[in-house]
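# Summary of the model geometry
Here is what each chain is made of, one letter per residue.
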Amino acid sequence: MDEPTILLTNDDGIESAGLRAVYDGLSTVGDVTAVAPAEDQSAVGRAISHEVTVHEHELGYAVEGTPSDCVVAGLEALVTDTDLVVAGCNRGANLGAYVLGRSGTVSAAVEATFFDVPAMAVSMYIPVREDAAFSDIEANGDSYREAAKATTYLADHAVDAGVFEQCDYLNINAPVAEWGDAQMTVTRPSHLYEMDAVQDGDAVTLHDRIWEHMADGDIPDPEGTDRRAVVDGKVSVSPLTAPHTTEHHEALDAIAETYEPGDDEAANDEAAD
């Protein structure tokens, strides 16, 4: 197709180095307009607002709202001829099935799929333990070089290749560029779940133990999963469908058939008699 119109958003905010790096890369293959949160909106999932304030920005538009707000406002009001939505690049990986619904970055891509617009979410893995703040890790624009390269390549090739005829969106996770050139591999989200909670008095602290494994490079995830690929220094690309799809379920069909509609109070009175 002709040069695509690309809507770029994220959850780290429009001033983030990751968004700028991807913006610059995508600008070589398409007409890019950023419609991104004015402030950090990390881990808000698919939270949506009733009304948002929009400010013009040198890259496009800064929105006082969530990533999903940005996608809806962008596709319906600000960049209505969008061919592709790209969310990222996030500072920190979005890996594993249990993480996808929490991520504002991934949620922006999911939101686009309900408009039948192809989408990609892209994140950069930073090897830190859970107790280390990402803000303590230097991640300038050059750190996102590998992520920007992979995103640009996929934006240039995936639509024409028919990739989105078999999936709704791509979840991309790339290593920090300093690790060197990385191969690209197609993956599935890992189902490994290592959340736990510890009570200390009135407080309960929640831990995601997988970050410790990842920082040590010692993870139990099998080959073919997103987390395994990234820890091995590869660019992980997972072709995914929008959540909440349904499948035929014979057991649920059976119990639904035995449901008796009516007045619960009357039924209880009858049972008491």
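Bear in mind the structure is a predicted one, so any value in this text is a computation, not a measurement.

### Quick word on the nonpolar core
Across soluble globular proteins, nonpolar side chains show a tendency to be buried alongside one another. Among the nonpolar cores identified, the biggest contains 36 residues, and Leu8, Leu26, Val86, Met120, Leu170 and Ile172 are the most heavily contacted of them. Listing elements by their share of this core, those giving two or more residues are β1 (5-9), α1 (17-26), β2 (31-37), β5 (84-91), β6 (119-125), α5 (145-157), β7 (169-175) and β11 (235-240). The dominant element in this core, judged by the number of residues it contributes, is α1, at five residues. Here Met120 is in contact with Leu84, Val85, Val86, Ala87, Ala109, Thr151, Leu154, Ala155, Phe164, Leu170 and Ile172, once residues within four sequence places are set aside.

### Considering the UniProt feature "binding site: a divalent metal cation" (unreviewed entry) in the protein chain
The positions UniProt marks with the feature "binding site: a divalent metal cation" (unreviewed entry) are Asp11, Asp12, Ser42 and Asn90. Taken together, the annotated residues stretch across 80 residues yet fold into one region, lying no more than 8.9 Å apart by C-alpha. Positionally, Ser42 belongs in the loop between β2 and β3 (54-57). A relative accessible area of 36% means that Ser42 is categorised as partly exposed.

### As for unusual backbone geometry
Look at the link from Gly88 to Cys89: it is a cis peptide, with omega at 5°. Phi at Ala43 takes a positive value of approximately 60°, unusual for a residue other than glycine. Mapped onto the elements of the fold, Ala43 is located in the loop between β2 and β3. For Ala43, a relative accessible area of 59% translates into the label exposed. Even without being a glycine, Asp116 presents a positive backbone phi close to 60°.

### Let's talk about the pattern of salt bridges
According to the stated counting rule, one finds five salt bridges in the structure shown. Arg20 is the salt-bridge partner of Glu58, the closest N and O atoms lying 3.2 Å from each other. Placement of Glu58 in the loop between β3 and β4 (60-63) and of Arg20 in helix α1 is noted, with a sequence separation of 38 residues between them. Taking relative accessible area as the criterion, Arg20 reaches 33% and is therefore assigned partly exposed. With a closest N to O distance of 2.9 Å, Glu111 and Arg46 form a salt bridge. Of this pair, Glu111 sits in helix α4 (residues 104-113) while Arg46 is found in the loop between β2 and β3, placing the two residues 65 residues apart along the sequence.

The rules behind the values
- Residues numbered from 1 in each chain as written.
- Predicted model: local features only at pLDDT ≥ 70, side-chain atom pairs only at ≥ 80, totals over all residues.
- Heavy atoms only, no water.
- Core = buried A, V, L, I, M, F, W, Y, C linked by side-chain atoms within 4.5 Å.
- Buried < 20%, exposed > 50% of the residue type's maximum accessible area, 1.4 Å probe, protein only.
- Helix = DSSP H or I, 4+ residues; strand = E, 2+ residues; numbered from the N terminus.
- Contact = heavy atoms within 4.5 Å.
- UniProt positions renumbered as here; feature names shortened; annotations may be inferred.
- Salt bridge = Lys/Arg side-chain N within 4 Å of Asp/Glu carboxyl O.

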